[in-house]
Structures are given as structure tokens and as C-alpha cells.
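Residue-level structural notes
Listed here are the chains, written in short residue letters.
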Amino acid sequence: MEIQLIETMSAAEKLYEGKAKIVYHTEDTEIHRIVFKDSATAFNGSLMGKIEGKGEINCTISAALFECLSSIGIPTHYISRPQKNQMRVRAVKIIPLEVVVRNIAAGSLVHQTGLPEGKVLQSPLVEFYLKNDSLSDPLLTRDRLLLLDLTSPERLEQIEKMARNINQYLTDFFQRCRIILVDFKLEFGLDSQARLLLADEISPDTCRLWDATTTDPQERIMDKDRFRRNLPQVESAYQEVFERVLAQNKIGDISP
Ligand code: TMP
């Protein structure tokens, strides 16, 4: 069964290969298959490496979170998880925006504004970055975003509202896992009927997650910042997030 699947996969036409995932066409034009890779990059690909087991962990965490979000009415691209590191998803055209939601100052917000790392923001900040590696994903103003015709003002409002709802749900969810959701990045896409769907992934690659059980500024990091900063125990941090998420939300085994 597994061999057959792998053969089908290698024959399938690759739609897109990114730094952490490969998207394949399937026999159904409305459905894509995403393979999550162990490879990791940072700083726009200038730091490259591998996080053993990351493909399975990120795929499984994302699947669990997409299931939760869809149960509260957030439409997502997720359909099923036929292999531990593979997802069947609704085919979407990705809107070239990285939607970042921040609850606590960290990362580029700290570097660009001088706010102290760890400062709790009065209300969540929603930011839009252009998804374009050759331009290094610049931060956009609302006017620039509309100037580039990336989406309509109405759609933008819908995206922001959805991002804030997702943040509320995920902040509570991770709190139950004894994890602080510092910030995260979302991507959205449009399906063949121009329906807006949450797409891509939600995982330790795309979130800043701090262990609420310690205040040590290095020890608490449970996400890709360990890799970005060359800290030890990257794999075990991803594994710990995986275990806490699954303990909170029992996701079904793989299914076609
Ligand atoms: P930043 O502080 O570097 O702007 O990152 C904000 C959030 O977005 C953080 O949770 C990590 C995530 N992120 C990605 O998922 N992909 C990226 O390419 C970058 C730069 C950040």
C-alpha cells in the first residue's frame, strides 16, 4: 500500500516546491497534495539545514489545528492526512501575503522598533508582508498592498478579521498546552469558487511559541527560532510542541 502510494506520488506532477513543502497535483483538479519536508531554512534561505522529523511533526500539528479551526467556522484548505507528512488540501491560489499576528514583541518587531523583547502588546497587531523572496518579504502598508492590487479592500478586511479570530482561538489553545503564542504567520488562498480559505501550515516553523513553564529566555523557545539562533535541542523542542498539542487535541490517525 505504501509503495503504491509513493509510486503514485513520484508520478504526480509537481506544482510547486518551496523551502519546507512540495505541492503536487492530484487526479482531481480541485485537490492538491502537500508533502512536508524535514529541510529548514532561515533568513530567506541563507541558513539551510534539516530538522529531523519536522515534516511529520509540522504536518500533524497543522492538521490538528486546521481541524480545530474549521470546527469553529474558519474555512481552511485541509481535507485529510493520508501519510504522516502529507496532507490532502483544497486547491487554492495563494494570495501573495504573509499575514503576521503578534501578541508579544519579538523578532522583526523588536529589531525594527526597539520595543523590548517580551513586551505584551496592548492589543494584537496584524501585519501584512509581501510574499516575495527576491524582495525579502517586505512589510507593506495598507496603501501599498492595495496599490499592488494584491487583494480588494473588502477581502483585506475579511482576512484581518479571520486572522484576529484565529489568534483568539490559538492563544487559548496553546495556553491549555502551557505554551505562550507570541506571534505567527498565516497564508490565505482562493479556491475555484473564489472562497477565501486559510492555507499553508500552522506549526513551530511559522509560530513563535514560548514554554510557559519556564522564564529562561533561551530555554523557553519551542519553535524555529532555536534553528535561526543556532540553539541546541531543536528536534526535542518540536517534539515537545507536538506532544502537548496532541495531548490537547487527539487527531485521528492517517486517513486517505
Ligand atoms: P518576524 O518577527 O521575523 O517578522 O516573524 C513573525 C512570525 O512569522 C514568526 O512567528 C515567524 C513567522 N515567519 C514565517 O513563518 N516565515 C517567515 O519567512 C518569517 C520571516 C517569519
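Whatever comes next refers back to the structure up there.
Residues numbered from 1 in each chain as written. Predicted model: local features only at pLDDT ≥ 70, side-chain atom pairs only at ≥ 80, totals over all residues. Heavy atoms only, no water.

A short note on the pairing of strand β1 (residues 14-17)
Defined as follows: Pairing between two strands is assigned when DSSP locates at least 2 bridges connecting them. Secondary structure elements follow DSSP: runs of H or I no shorter than four residues count as helices, runs of E no shorter than two count as strands, and numbering proceeds from the N terminus.
Two elements, β1 and strand β2 (residues 21-25), share three bridges in a ladder whose sense is antiparallel. Within the sheet, the bridge partner assigned to K14 lies in β2 and is Y24. Two successive antiparallel strands, β1 and β2, enclose a turn made up of three residues.

Some thoughts on unusual backbone geometry
The backbone of A194 sits at a positive phi, close to 60°, despite the residue not being glycine. The phi dihedral of N230 falls on the positive side, at around 60°, and the residue is not glycine. As for its placement among the helices and strands, N230 is situated in the loop between α6 (225-228) and α7 (234-248).

A few points about helix α2 (residues 54-71)
Quick note on the threshold: An expected span of 1.5 Å times one less than the residue number is assigned to each helix. Throughout, exposure labels follow a simple rule: accessible area from a 1.4 Å probe, protein chains only, divided by the maximum for the residue type, with under 20% read as buried, over 50% as exposed, and the rest as partly exposed.
In a regular helix each residue adds 1.5 Å, so 18 residues correspond to 26 Å; α2 covers 25 Å between its end C-alpha atoms and thus fits that length. Where burial is concerned, most of α2 is hidden: 14 out of the 18 residues are buried. Immediately beyond the C-terminal end of α2, within one or two residues, lies G73, with a positive phi of roughly 95°.

Some words on the side chain of T41
The test is simple: Throughout, a contact is declared for two residues whenever any of their heavy atoms are within 4.5 Å.
Position of T41 relative to the elements: it lies in strand β4 (residues 39-42). If sequence neighbours within four positions are ignored, T41 has contacts with K19, L47, M48, K224 and F227.

A closer look at the pattern of salt bridges
Filter applied, for reference: In what follows, salt bridge is the name for a side-chain nitrogen of Lys or Arg lying within 4 Å of a carboxyl oxygen of Asp or Glu.
Counted under the stated rule, the structure contains 20 salt bridges. For K37, the salt bridge is made with E17, and the minimal N-O distance between the two is 2.6 Å. Taken together, the residues K37 in the loop between β3 (31-36) and β4 and E17 in strand β1 connect sequence positions 20 residues apart. For K37, a relative accessible area of 18% puts it in the buried group. A salt bridge links D225 to R228, with the nearest nitrogen and oxygen atoms 2.7 Å apart. A residue pair is termed a helical-turn pair when its members lie 3 or 4 positions apart in one helix, as D225 and R228 do in helix α6 at three residues. Exposure remark for R228: the relative accessible area of 25% places this residue in the partly exposed category.

Here's the deal with the sheet that holds β1
This is how it is decided: Throughout, an axis means a line fitted to C-alpha atoms (over the contacting stretch in the case of helices), and angles, computed between N-to-C directions, take values from 0 to 180 degrees.
Across the sheet, which stays open at both edges, the five strands sit in the order β1-β2-β3-β7-β6 with antiparallel pairing between neighbours. Single-partner strands in this sheet number two, and they are β1 and β6 (78-83). If you compare each strand with its neighbour and ignore which way they point, the axes differ by 25° on average. Where β3 meets strand β7 (residues 86-90), five bridges bridge the pair, whose relative direction is antiparallel.

Function-wise, these values are silent; they only describe arrangement.
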